[in-house]
Amino acid sequence: MTPHGFGEIAERLRRSTVVVHAGRRGSGSGVIWSHDGLLITNAHVARADSLGASRARLAVELWDGRTFEARIVSRDRRRDLAALRIPASGLPAATPADSSRLRPGELAIAVGNPLGFVGALTTGVIHALGPLPGLGPERWVQAAIRLAPGNSGGPLADARGHIIGINTMVAGGLALAIPSNAVAQFITAGPSDIWLGVTLRPVRLPRDDGSTFGLLVLEVEPGSPAASASLLPGDILLGADSQAFRSLEDLAQSLEATGRSGPGLLRLDFLRGSPSNVRRVTVRIGSRSVVAA
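Residues numbered from 1 in each chain as written. Predicted model: local features only at pLDDT ≥ 70, side-chain atom pairs only at ≥ 80, totals over all residues. Heavy atoms only, no water.

Colleague: How should I be thinking about unusual backbone geometry in this particular structure?
Modeller: Glycine aside, a negative phi is what most residues show, and trans is what most peptide bonds show. One non-glycine residue, Asp80, adopts positive backbone phi at about 55 degrees. Its place among the elements puts Asp80 in the loop between strand E5 (67–76) and strand E6 (81–85). The phi dihedral of Asp241 is positive, around 50 degrees, even though this residue is not glycine. Of note, Asp241 is situated in the loop between strand E15 (236–240) and strand E16 (243–244). Owing to a relative accessible area of 34%, Asp241 belongs among the partly exposed residues under this scheme. (Helix = DSSP H or I, 4+ residues; strand = E, 2+ residues; numbered from the N terminus. Buried < 20%, exposed > 50% of the residue type's maximum accessible area, 1.4 Å probe, protein only.)

Right, dumping it as structure tokens:
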């Protein structure tokens, strides 16, 4: 049925938006991408709990109150995307738009579950499209729209209610969404478990060997390759396969290159305890087993 007004468009978006419960880590939002139970959310929303990523249990709540256990099909840490599957059919799937046709000034509509308010809707305009300093070369849909914790993973739509992006974060007062075309590419790529299982923050390091960039490990997911390799919060990643990191994107590219054609070994150099205590570990990317060196 063709929508006849904004209220109907908003209701359709709400019905295509779900609540993703991730145990002790709280909840976020997601989008019904297909009628047969494929959902899209952020990778940081669909994070592992104490059971580990391969056995993580996520609960998805639909607009009509039904709740299903969701299985993680695929995650892409670099683009912060995750595909989930629930045992349901006949769902009100969203309609994706061609994000390459977006222009600044167009109306944007966001739906999500911020701060426990289910199906909250807010509007704004597209501010810009493209990469942002410090966030790598990836393109973002940048919208002058108000988001809050719990909106992550929910839809950003155009005036017709078609999905133009997946809301992910707020930076510089703007909402940042992963473009719908990037989501389509992620889905086409198929299932993947190319991941390390860490939360990182770039840091500067005054070291005698001239290397000044590192990635501080803030958190290690239970059951992840990083945990199996005995990486710990406080460790600082320096490089992979003897190549020093210069940005967070360098690690993402190393992970993707190692696991692209199946399980592979990635050698990580890291600091622990002091600037001179450099260690190395070999991680098997694309599977759950890790070999310590």
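Colleague: Looking at this model, I keep getting lost on the sheet that holds strand E2 (residues 27–32). Mind explaining?
Modeller: Spatial ordering of the closed barrel is given by E1-E2-E3-E6-E5-E4, a layout of 6 strands whose pairing is antiparallel. Pairwise comparison of adjacent strand axes, ignoring direction, gives a mean angle of 40 degrees for this sheet. The strands that helix H2 (residues 180–189) touches are strand E3 (38–41), E5 and E6; relative to E6, the one it contacts most, it runs at about 55 degrees. (Pairing = 2+ DSSP bridges. Axes fitted to C-alpha atoms, helices over the stretch in contact; angles between N-to-C directions. Contact = heavy atoms within 4.5 Å.)

Colleague: When you look at the pattern of salt bridges in this model, what are you seeing that I'm missing?
Modeller: Should the charged atoms of two oppositely charged side chains come close, the side chains can pair. Following the criterion strictly, the structure yields 8 salt bridges and no others. Residues Glu138 and Arg79 are paired through a salt bridge, measuring 3.5 Å at the closest nitrogen-oxygen approach. With a gap of 59 residues between them, Glu138 in the loop between strand E8 (120–130) and strand E9 (140–144) and Arg79 in the loop between E5 and E6 connect regions that are remote in the sequence. Side by side, Glu138 and Arg79 carry an identical accessibility label, which is buried. Taking the shortest distance from any N to any O, the salt bridge between Arg267 and Asp241 comes out at 3.5 Å. A residue pair is termed long-range when its members are at least 10 positions apart, and Arg267 in strand E17 (residues 264–271) and Asp241 in the loop between E15 and E16 qualify at 26 residues. With a relative accessible area of 35%, Arg267 lands in the partly exposed category. (Salt bridge = Lys/Arg side-chain N within 4 Å of Asp/Glu carboxyl O.)

Colleague: Looking at this model, I keep getting lost on the sheet that holds E8. Mind explaining?
Modeller: Strand pairing in a sheet takes place through backbone hydrogen bonds and is either antiparallel or parallel in direction. The antiparallel closed barrel is built from 6 strands, whose spatial order is E7-E8-E9-E12-E11-E10. Ignoring strand direction, the axes of neighbouring strands in this sheet form an average angle of 45 degrees. Pairing of E9 with strand E12 (residues 174–179) involves 3 bridges; the strand directions are antiparallel. Of the residues in E12, the one forming a bridge with Ala143 is Ala175. Lying on the sheet, helix H1 (residues 6–15) is in contact with strand E7 (107–112), E8, strand E10 (155–157) and strand E11 (163–171); it crosses E7 at an angle near 40 degrees.

Colleague: Hey, could you run me through the confidence of the model for the protein in this one?
Modeller: Any region with low pLDDT has predicted coordinates that should not be read closely. On average, the protein scores 85 in pLDDT, and the residues at 70 or more come to 87%. Confidence drops under pLDDT 50 across residues 49–55; counting only partners more than four residues distant or on other chains, this segment forms 17 contacts. A low-confidence stretch, residues 287–293 stays under pLDDT 50, and its non-local contacts, those more than four residues away or across chains, total 22 contacts. (pLDDT = per-residue confidence, 0-100.)

Colleague: Looking at this model, I keep getting lost on the pairing of E2. Mind explaining?
Modeller: In summary, the side chains of a regular strand alternate between the two faces of the sheet. Among the 6 residues of E2, 5 are classified as buried, and the element is accordingly described as predominantly covered. Two elements, strand E1 (residues 17–21) and E2, share 5 bridges in a ladder whose sense is antiparallel. Across the sheet, the residue bridging to Val19 is Ser29, located in E2. Here 2 bridges tie E2 to E3, and the two strands are oriented antiparallel to one another. Opposite Val31, over in E3, you have Ile40 as the bridge partner.

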